[in-house]
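Tertiary structure, described
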Amino acid sequence: MDASAVLARAADAARHARTGDHVASLAAAEDGLALWDGAPAPGDGGPLAALRAEREAAHRALERARALALARLGRHGEAAGPLEALAAAHPRDEEVLAELLRGTAATAGPSAALDRYEDHRRRLAEELGTDPGAGLRALYRRLLDERAPRVRHGVAHEPNPLLGRDADVAAVAGLLRAWRVVSVAGPGGLGKTRLAHAVARGAEQRTVHFVPLTGVPAGADPDEVAGAVAAAVGAGEIPAAPGLRADAAALVAAALGPDALLVLDNCEHVVDGAAELAGALVATTRDVRVLTTTRAPLGLSSEAVYALPELAAATAAELFVQRARAARPAADLPDAAVAEICAHLDGLPLAVELAAARVRAMSAADIARALDDRFGLLRGGPRDAPARHRTLHAVVNWSWNLLAPSEREALRLLSVFPGGFTADAARLLGADGALEGLVEQSLLKVADTPAGARFTMLETVREFSALRREEAGDTARAAAGMLAWARAFGAAHHAAIYGPSPTPSLERIRAEQDNLAEAARRARAAGDAEAAAAVLAVLGGLWLIECRYNRVVLLVKELGEPLDALDPAPDFADTARTALVTRTVLEGMLQDDDSLAVPETLRRLPPGRTDTLAGAVALLLCTEPGEYPALRARGPLMDGLVSLLDGYAAEKRGDVEHAVAATERAHERLAAGRAPWLANAALYRLSELGMHTERFADIIGWLEAALAGLRELGAWPDVLGAGWGLAMSHLGLGRVAEAERWLEYARNSGLDDQLGLDAYVAGMRGEIALCRGDVDGALRQWGRAVRWLRDAEAATCPEQDIWRGPWALENLSAAVVAHARAGRLDGVPEVAEMADRLPAMALRLLDGTPPTGALYTADLPVWGVLIVAIGMTARARGDHARAARLIALAERLRFLPNFQPTMNRARARADAEDSDAAAYAAAVTEFAGLDRDSLREAARTALTAP
């Protein structure tokens, strides 16, 4: 036994008990008891026995502390035995007896506890001629009260089940145990009143008074509020005269009685009076608790505020269905339509119930369409609802009428931001002074983000405020403020997103995407060229980095007209340069030759810094290609860009080895030039080049390094699509399990599904099945890929011709090859149909028809991937000499071997030799020395030959 430790634990247990930390007291007591190895046996002697005897008092203190802690933690069953033993040994220990009485009341009822108290009182009187102590007498009075029935004044029973609020009820009840005043805060229509009724029904207090304050006039002084509450709780009428507030609070407290809960419902329009009354009750009573529902907290030091959250989407849908079935039991309520309706309603139970009521005369689909005018639709609530809850308009209007004029003005102006806003944005609109008040009124929500505090409105509030903005003629002013914000925001963040520490700016731009898209629309309407440039510089940059090319294309088209008129001020030149570079490079990616139409505005701008990406690229764009080598001396960033372009040029002329060497230099120099995103892009570019020679192990190394670089930049998504390359490369090495892991990673990469990703996933799964020897399973997957592509073609407009996108062409070609090699080509109609269309597709590309929206220049490897599929089609249909010749041509074109094992070059060569070895050998010799233009002509001839 550690004798000193036993003493220390006993002291700890007593100290924690005095401070009310019963969990810590129990832990200390149990630790001390675990050190005890028993009292000395009769007849034991020696120092150890003496020490044990000396510590018996500490042991008894530990047992007592443990029993009391168990009781005070509500563990009455565990505490009962130890407390009984202590009471028997020390019948005058009234602290132990008090906990024993509480436990008896909790387990056997107040009457049993009162009987035990009476036994103790009688023994004291007979043996000592005295009464129990004050604490035990107070407990006796409380036990008497507990025998009386619980009283609930004004507390309503549930008219129907309360959905999704169990956790909120429990949370508010928990706060009421710890705080004297608890305020449930939130916007109108959120269900605060109903939640308060639920809390009141289950409250621990014997007496609860529920007092609605909606009948008290807005702005009523504290005397009026106190008088209304006094009348409601039965304290009688109080004259509305100055100086009677303290008397009113005392009368209310007397009417409530001890251990009571007062619920003040809807305090926002009389918040000063409610706060003064609650504060007085806290100051003049020991046990009274106050629960309020309000859109603005009372602001008391004794107050805990519970911000009631909106309903979760699933709960809102359940509520809609419940109320809609009540309105029309046979209504058809498709899950998709219900989800769409609830997505418009901000999780407001009132809005959901009002929408569900419309089911009496409308279908769910009609309601979803009509919610564009939610205030017109959501009318006619239940007759037993307050008038302010009969329509959604009335709910928001109630809050609006309580605002100061400056707060209404702020909401009107700030409603121009669809995606929330920062204090800086509000400042540009002159609305920052009202933010705190609007948060207190629950009309704005504030959240901490990595970029600082961000304010949002419920969409219902924003739409209401926008209507008021139009009525007040404030829209032009709000739009001008938004465009000023966009210009400032673009100037602040455009350079950083391509720099060494891009993550903070990228996170800010992501948070502002909706606002920037709205600013783009307003910039176009106003012809504001600088605002348009600012939006393109940041939003276009983000979407380029994230490979969301369709979005950037549409953004450039939308902003084209104002950008054409751009004449930037000197202090805006850097932002304008970034925007113009973004536009020029994007447009260059979408054309099928090497020329770039560099806008004169970009040429007229003063030279930019070549240690920034925009400045370096601008210089490149304004320089003739023959002069590029001289630019290498301008620094590592410029050297890296020139090397990257050198790699593309080498690939185009068929010199893959030089392309790899140039791109490796580009990666090294870009990293040295503090351009980490572009350095990682160079690694991904190396992986593309490695596919030409099936260097799968090297590709895996490059792509893993790219992903590591992205992670160092701050948890970026796989915006480079490295996961796809890793899946392909592991398949190329026969590592099926690793390929499956990376395929799953790639599916969640966040890339736009603009290039046929669903079909690509199906194709990769087909390749995995082939690696496992499951040919039938593989062809089923490839059939799904073709059907997806066929359906996408039917649904796609010409400007987004998916059949000429690179991934779609690869998918289609690999699907045809897989079916042809398995002898199933003409047995699957949709695959046979697509095989018949391949020659025409290939000829369109060879003739230079640009693959609009495909984001690459159609060139040798893409021509080759189509030609190898055409050759395998010829082989499947018995034309072996043509098959051998076409496969040889595809090899010379270095056709894309991304899908493995289907597009493996060795397998294609074996197929060609098996078809007609002599024809294959002759074709290899014929095509070996041809340059790019000659190969194009040879391909045209081969495809058009009979």
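Throughout, a residue's number is its position along its own chain's written sequence, starting from 1. Where local features are concerned, this predicted model is filtered to residues with pLDDT of at least 70; where side-chain atom pairs are given and counted, the filter is 80 or more; whole-chain, interface and lining totals use all residues. Based on all heavy atoms of the structure, the side-chain values leave hydrogens and waters out of the count.

**As for the overall build of the protein chain**
Per the convention used, a helix needs a DSSP run of H or I reaching at least four residues, while a strand needs a run of E reaching at least two, with both numbered from the N terminus. Helices and strands together make up the secondary structure of the protein chain, namely 46 helices and eight strands. The buried share among the 946 residues of the protein chain stands at 52%. For the protein chain, restricting intrachain contacts to residue pairs at least 6 apart in sequence, the fraction spanning at least 24 positions comes to 70%. Exposed residues in this analysis have more than 50% of their type's maximum accessible area, buried residues have under 20%, and partly exposed residues fall in between, with area computed by a 1.4 Å probe over protein chains only. Residue contacts are counted whenever heavy atoms from the two residues lie within 4.5 Å of one another.

**Comments concerning unusual backbone geometry**
Gln900 connects to Pro901 through a cis peptide bond whose omega is 15 degrees. When you line up the elements, Pro901 lands in the loop between helix 44 (880-892) and helix 45 (905-928). Here Asp259, not a glycine, exhibits a phi torsion of approximately 50 degrees, which is positive. Of note, Asp259 is situated in the loop between helix 12 (245-256) and strand 4 (260-265).

**Topic: the pattern of salt bridges**
Salt-bridge detection follows one rule: a side-chain nitrogen of Lys or Arg within 4 Å of a carboxyl oxygen of Asp or Glu. The tally for this structure, following the rule as stated, stands at 48 salt bridges. Between Arg412 and Asp474 there is a salt bridge; the shortest N-O distance is 2.8 Å. Of the two residues, Arg412 is situated in helix 20 (residues 405-414) and Asp474 in the loop between helix 23 (459-472) and helix 24 (475-493); the sequence distance between them amounts to 62 residues. Judged by its relative accessible area of 16%, Arg412 is buried. Among the salt bridges present, the one from Arg821 reaches Asp911, with a minimum N-O distance of 2.6 Å. Taken as a pair, Arg821 in helix 41 (residues 806-821) and Asp911 in helix 45 lie far apart in primary sequence, 90 residues in all. On the accessibility criterion, Asp911 (10% relative accessible area) is buried. Ionic contacts of the salt-bridge type, sharing partners, join the residues Arg64, Arg72, Asp93, Glu95, Glu99 and Arg102 into one network.

**Remarks on helix 11 (residues 222-233)**
To estimate how far a helix should extend, the number of its residues minus one is multiplied by 1.5 Å. With 12 residues, helix 11 ought to run about 16 Å at 1.5 Å a step, and its terminal C-alpha atoms sit 17 Å apart, in line with that. Capping of helix 11 at its N-terminal end is provided by Asp221; its side-chain oxygen lies 3.0 Å from the backbone amide nitrogen of Asp223. Of the residues flanking the end of helix 11, it is Gly234, one or two places downstream, whose phi is positive at about 90 degrees. Polar contact is defined as a pair of N or O atoms within 3.5 Å, subject to the rule that within protein one atom must be able to donate a hydrogen and the other to accept it, and that residues adjacent in sequence are counted only when both atoms are side-chain atoms.

**Comments concerning the sheet that holds strand 6 (residues 303-307)**
Whether two strands pair depends on DSSP finding at least two bridges between them. Read from one edge to the other, the open sheet built from six strands follows the order 1-3-4-5-2-6, with strand pairing classed as parallel. Among the strands making up the open sheet, the edge pair consists of strand 1 (151-153) and strand 6. Between one strand axis and the next, the sheet turns through 15 degrees on average, direction left out of account. Comment: axis = line fitted to C-alpha atoms, over the contacting stretch for helices; angle = value between 0 and 180 degrees taken between N-to-C directions.

**Remarks on the pairing of strand 5 (residues 289-294)**
Along strand 5, six of the six residues are buried, which leaves the element largely enclosed by surrounding structure. Side chains Arg289, Leu291 and Thr293 project from strand 5 onto one buried face, and the interleaved Val290, Thr292 and Thr294 project onto a second face that is buried too. Of the pairings in the sheet, the one linking strand 2 (residues 181-185) to strand 5 comprises five bridges and is parallel in character. Bridged to Val184 within strand 5 is Thr293. Summarising the sheet, strand 4 and strand 5 pair through four bridges and their orientation is parallel. Of the residues in strand 5, the one forming a bridge with Leu262 is Val290. By convention, a crossover is right-handed whenever its connection, traced from the first strand over the helix to the second and viewed with the strands pointing away, goes clockwise. Note that the unit made of strand 4, helix 13 (residues 271-284) and strand 5 has a crossover that is right-handed.

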